[in-house]
Amino acid sequence: MARPALKAVATRPQEAKEEILRLCSSSRLKDALHRRFRDVLWSEPNLFSHLFRACRAVPLLRQLHAFAATSGTAADRFTANHLMLAYADLGDLPTARDLFERIPKRNVMSWNILIGGYIKNGDLGTARKLFDEMPSRNVATWNAMVAGHTNSELNEESLELFQAMRKEGMQPDEFGLGSLFRCCAGLRDVVSGRQVHGYVVRSGLDRDMCVGSALAHMYMRCGFLEEGEAVLGALPSLNIVSCNTIIAGRTQNGDSEGALEYFCMMRGAGVAANEVTFVSAISSCSDLAALAQGQQVHAQAIKAGVDKVVPVMTSLVHMYSRCGCLGDSEKVCFGYSGSDLVLCSAMISAYGFHGRGQEAVDLFKKMMDGGAEPNEITFLTLLYACSHSGLKDEGMQCLELMTKTYGLQPSVKHYTCIVDLLGRSGCLDEAEALILSMPVRPDGVIWKTLLSACKIQKNLDMAERIAERVIELDPHDSASYVLLSNIRATSSRWADVTEVRKTMRKQNVRKEPGVSWVELKGQVHQFCTGDKSHSKQREIDECLEEIMAKIRQCGYSPDMSMVFHDMEDEEKEANLAHHSEKLAIAFAFLSLPEGVPIRIMKNLRVCDDCHIAIKLMSKVMSREIVVRDVSRFHHFKDGECSCGDYW
């Protein structure tokens, strides 16, 4: 396309000046430096600031610098400040610092520009040193320091800077307050946030859109959802920032249904969603395992043109994975033309969640061959995938690669995956030795992982010893007591089981009940073991009885060891037959069209008896059954499970 011609320049300097500004705003530096403008540039030194701002490369900036020096304008403080700003913005801090040192009478702007350059380039240490050396500061100086520390997640230092600012008598403006509320949100410090909120109200800034959105975000991140929404409700208008704050706040506080309701309301009000909105909405669908709603939001993201934005794609990979649709996760991930570490890590995690450890390892290798540099999260997702597929050798190699090749320090979560791998492989002593020797402090989760392995390996002596450690670390966690109770019940030590339950009552610890749910036509149907409250309960019981009769003919025999109560076998069998996942499957079988896969979600681990039963159900019903429990997916088809009985 042909470049627009230069306007005919009149002899009057004002017209020439306006033409230079027009050319700079459209990045036409070569035309702005045309010889017919030379006299105007030399007589108006302030015009150089526009030339510097339009520059996008250091070599060209150096040419402009030389031209300014030749014209004599580089010695002017205003011009020197803008030249320094241009070098700082382009990352050439040594030249910016050299210019700073050469300015004879530096003003606050000179200091602020250099400090801002160091902050932008991640050198907070040098920025703080300059800040401490400043003869005087203004609000912009403090804003830059508070924002820089907040953006680097140094929230405590950021709060200290704000307090020092107030001691000097400075009044923070809307930009500083926005950074400060993000700082309080990062610290989950609602007390400090409320104090600053009081200042905002006294200053009359509580109806400022920027301040109000940041304040609401702080309340929501601290878990005060109603107060956050009240702040947004008081703002003069609804915009995409305030809407995103509410949707993200509800998602982060576990109100995924509320987040989706607000998403629909926002669209109805005519506020167009952006990629941030879609990430939160898709995450809510993921939390609810609401596949139909997730597909609708995906379609809306395509219509909005943001479906190829990496954060949106990453959320879609998670959502489809959490809804049991691994193939759709693959379509999203591999539909990306480039290579992104976060997106690939999400796909590795999805493979792990579905027990496809080898595919996770293969994708990791492919990623490495493409030159990607894995980080701690990538290694965690890979270790998780290995631990859920029994890939012990690959898992140990992964840990060695992480520490020796990339020099990364494993966290307790990385070590937990290794303990799980070792424990499931029968190497209980090695797993315990790893916990005791690892350089990070063990938490309750890693000891519970070993305790669970003791149960699988039927090592009752070690289980008793490990259980003591776990309960000591977290005396109010029901999972540890339940594991210990179940271990004792498997060897019919009913008196010891009673003791565990007495301790739970004494500590006011309640066992989390097993709950399963299934989505049908956008509505979630929930089932609890032994619950008879569903409107179709009679039909569900009849259907389940019929299914159980069919699987008995195929060799099913109830695993009585899965009932951890001292009762008669007949009662145990009835108890097993009405586990929540079996009720949910019977309801789905009654409600869904023939051939449609049944997708069930459960809040706890699937028990051994249900796992055997569902494998046979998939065979006698000629139906694929997908069950998501607390830690992974099980794909049952033709009498087999994708986990290979390893879970």
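Caption draft 1: Representation of the overall build of the protein chain. What the protein chain contains, in helices and strands, is 35 helices and six strands. In the protein chain, which comprises 647 residues, the proportion classed as buried is 49%. Across the protein chain, contacts joining residues at least 24 apart in sequence account for 62% of those joining residues at least 6 apart. Of the roughly 31,000 Å² of accessible surface on the protein chain, a fraction of 50% belongs to carbon and sulfur atoms.

Caption draft 2: Examining the confidence of the model for the protein chain more closely. This prediction gives the protein chain a mean pLDDT of 84; 89% of its residues lie at or above 70. Long-range and interchain partners of residues 1-11, a stretch whose pLDDT sits below 50, account for 18 contacts in this model, where long-range means more than four residues apart. With pLDDT under 50 throughout, residues 562-569 is counted as low confidence; its partners more than four residues away or in other chains account for 19 contacts.

Caption draft 3: Fine view of the sheet that holds strand 6 (residues 640-641). Pairing in this open sheet of six strands is mixed, and the strands run 2-1-3-4-5-6 from one edge to the other. The open sheet has two free edges, formed respectively by strand 2 (523-528) and strand 6, since each of these has just one partner strand. Sheet topology places strand 3 (residues 598-602) next to strand 4 (residues 625-628); four bridges connect them, and they run parallel. Pairing of Arg599 across the sheet is with Val626, part of strand 4.

Caption draft 4: Expanded view of the packing of helix 23 (residues 357-369) against helix 24 (residues 376-387). Running from N to C, helix 23 and helix 24 point in directions that differ by 150°, and their axes come no closer than 8 Å. Classified by the interaxial angle, the pair formed by helix 23 and helix 24 is roughly antiparallel. The handedness of the crossing between helix 23 and helix 24 is left-handed. Of the residues in helix 24, those touching helix 23 at Gly357, Ala360, Val361, Phe364 and Met367 are Thr378, Phe379, Leu382, Ala385 and Cys386.

Caption draft 5: Representation of unusual backbone geometry within the structure. For Glu153, which is not glycine, the phi dihedral falls at a positive 60°. Among the structural elements, Glu153 can be located in the loop between helix 10 (139-151) and helix 11 (155-167). On the accessibility criterion, Glu153 (66% relative accessible area) is exposed.

Caption draft 6: Geometry of the nonpolar core. Of all hydrophobic cores here, the largest spans 151 residues; its most connected members are Phe181, Met218 and Phe278. Sorting elements by how many residues they give to this core places helix 14 (residues 209-221) first, with eight residues. Residues contacting Phe181, with those up to four places away along its chain left out, are Gly193, Val196, His197, Val200, Val211, Ala214, Leu215 and Met218.

Caption draft 7: Broad picture of the pattern of salt bridges. If you walk through the whole model with that rule in mind, you get 20 salt bridges. In this structure, the salt-bridge partner of Arg97 is Glu101, at a minimum N-O distance of 3.0 Å. One end of the pair is Arg97 and the other is Glu101, both in helix 7 (residues 93-102) and four residues apart, which spans about a single turn. Judged by its relative accessible area of 25%, Arg97 is partly exposed.

Caption draft 8: Spatial organisation of the packing of helix 27 (residues 428-437) against helix 28 (residues 444-457). Viewed as axis vectors pointing N to C, helix 27 and helix 28 meet at an angle of 170°, and their least axial separation amounts to 11 Å. The orientation of helix 27 relative to helix 28 falls into the category roughly antiparallel. Facing Leu428, Ala431, Glu432, Ile435 and Leu436 of helix 27, the residues of helix 28 in contact are Ile446, Trp447, Leu450, Ala453, Cys454 and Gln457. Grouping the amino acids of the contact of helix 27 with helix 28 by side-chain chemistry returns nine nonpolar, one polar and one charged.

Caption draft 9: View of the environment of Arg493. With respect to the helices, strands and loops of the structure, Arg493 is situated in the loop between helix 30 (478-490) and helix 31 (494-506). You can call Arg493 partly exposed: its relative accessible area is 28%. Leave out the neighbours within four places in its chain, and Arg493 touches Glu464 and Arg488.

Calculation rules
- Residues numbered from 1 in each chain as written.
- Predicted model: local features only at pLDDT ≥ 70, side-chain atom pairs only at ≥ 80, totals over all residues.
- Heavy atoms only, no water.
- Helix = DSSP H or I, 4+ residues; strand = E, 2+ residues; numbered from the N terminus.
- Buried < 20%, exposed > 50% of the residue type's maximum accessible area, 1.4 Å probe, protein only.
- Contact = heavy atoms within 4.5 Å.
- Areas by Shrake-Rupley, 256 points an atom, 1.4 Å probe, with all protein chains shown as cover.
- pLDDT = per-residue confidence, 0-100.
- Pairing = 2+ DSSP bridges.
- Axes fitted to C-alpha atoms, helices over the stretch in contact; angles between N-to-C directions.
- Parallel < 35°, antiparallel > 145°, perpendicular 65-115°, else oblique.
- Left-handed = near helix turned anticlockwise from the far one by under 90°.
- Core = buried A, V, L, I, M, F, W, Y, C linked by side-chain atoms within 4.5 Å.
- Salt bridge = Lys/Arg side-chain N within 4 Å of Asp/Glu carboxyl O.
- Nonpolar A, V, L, I, M, F, W, Y, C, P; charged D, E, K, R; others polar.

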